[in-house]
Amino acid sequence: MKPIVLAVSGHDPTGGAGIQADIEAILSQGCHPCTLVTCLTSQDTHDVRKLYPQHPETLAAQWEVLWSDMPVQAVKIGLLGSAEIATRLGALLRQTPCETVILDPVLRAGGGTELADERLIEVLCEELLPLATVVTPNLQEARRLSGKELPHQCASWLLERGCRAVLITGGDEPTPLVYNTLYWKHHHKTFTWEKLPGGAHGSGCTLAASLAALLARGLELEEAARKAQQYTWNAIKYAFRPGRGKKIPDRFFWS
Ligand code: PLP
């Protein structure tokens, strides 16, 4: 049977990021996506305008019904929308532990809107980081969570909070190539990619969701991280522009 990956994230009506990005990425890696929506959003391909967080008890009720029916192999956490939702999710994950938890700490939209306040950042660090198998911040998010400057300092701080691995992405950095570094135990490995012009709305969701699916299929961490990056790079290479703002990745680029 196909492994089941549960995406817990926000809904983006443009289809570029959030739950839809997760569904597409998980499907294209051969897993079955299940979804829990943390918040609705109004946004276009330029920026997020507003978040409408779900009530934490609604999320909890959906979680409990789903988990009593299906064996979930991996959970992917994206946009949370409120500290209350994040706190409830932490409690649910402690109650029903999952072997693979990918945490994408979404703090700010590509267009600049803040998507997490200080309380949510605190809950992310204290309640969710210790439960994460891999956390996938970009360098700016890693700096904001840790208060450190250099990538390896950020990674050490995050690993000390209890997550098993950290994948810091550098796609938004002003470097000629993209450097993404995976840190685990006392190891690290840097992956280097050609920089694609313009970037794309929903790249982070694509990476984290495909990584969750590849780990659910049983790949080792380093190989899953490499394949998820390759998949995301291809999806960005074939990105298209359905609106007036940013491009969105083509997560079925081979079709
Ligand atoms: N909206 C939702 C629902 C998201 O999950 C995310 C990112 O994860 C965003 C918006 C922001 O996407 P981006 O930073 O790629 O523009």
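Keep in mind the model is a prediction, meaning the values are calculated, not measured.

Undergrad: Mind showing me how you'd approach helix α7 (residues 203-216) here?
TA: Counting along an α-helix, one turn takes 3.6 residues, and residues three or four places apart therefore face a common direction. Here α7 is 14 residues long and its end C-alpha atoms lie 20 Å apart, about the 20 Å a rise of 1.5 Å per residue gives. A large share of α7 lies buried, amounting to 13 of its 14 residues. Looking at the residues trailing α7, positive phi occurs at glycine 218, about 100 degrees.

Undergrad: How should I be thinking about the environment of arginine 144 in this particular structure?
TA: With respect to the element layout, arginine 144 can be found in helix α5 (residues 139-146). If sequence neighbours within four positions are ignored, arginine 144 has contacts with Leu107, Arg108, Glu114, Ala116, Glu118 and Ile121. Here alanine 116 takes part through its backbone oxygen, which lies 3.4 Å from a polar atom of the side chain of arginine 144.

Undergrad: Quick question: what am I supposed to make of the packing of α5 against helix α6 (residues 151-160) here?
TA: Two measures define how a pair of helices packs: the angle their axes make with one another and the distance between the axes. The geometry of α5 relative to α6 is characterised by a closest axis approach of 9 Å and an angle of 55 degrees between their N-to-C directions. Judged on the interaxial angle alone, α6 and α5 are oblique. In this structure, α5 crosses over α6, and the sense of that crossing is left-handed. In this structure, α5 contributes Leu139, Ala142, Arg143, Leu145 and Ser146 to the contact, and α6 contributes Pro151, Cys154, Trp157 and Leu158. Grouping the constituent residues of the contact of α5 with α6 by class yields 7 nonpolar, 1 polar and 1 charged.

Undergrad: Whenever I open this one, the side chain of glutamine 29 confuses me. Can you help?
TA: Tracing the chain through its elements places glutamine 29 in the loop between α1 (18-28) and β2 (32-43). The class for glutamine 29 is buried, based on a relative accessible area of 11%. Residues in contact with glutamine 29, not counting those within four places in the same chain, are Ser210, Ala213, Leu214, Arg217 and Tyr231.

Calculation notes
- Residues numbered from 1 in each chain as written.
- Predicted model: local features only at pLDDT ≥ 70, side-chain atom pairs only at ≥ 80, totals over all residues.
- Heavy atoms only, no water.
- Helix = DSSP H or I, 4+ residues; strand = E, 2+ residues; numbered from the N terminus.
- Expected span 1.5 Å × (residues − 1).
- Buried < 20%, exposed > 50% of the residue type's maximum accessible area, 1.4 Å probe, protein only.
- Contact = heavy atoms within 4.5 Å.
- Polar contact = N/O pair within 3.5 Å; in protein donor to acceptor, adjacent residues only side chain to side chain.
- Axes fitted to C-alpha atoms, helices over the stretch in contact; angles between N-to-C directions.
- Parallel < 35°, antiparallel > 145°, perpendicular 65-115°, else oblique.
- Left-handed = near helix turned anticlockwise from the far one by under 90°.
- Nonpolar A, V, L, I, M, F, W, Y, C, P; charged D, E, K, R; others polar.

Remember that the coordinates give geometry; whether it matters functionally is a separate question.
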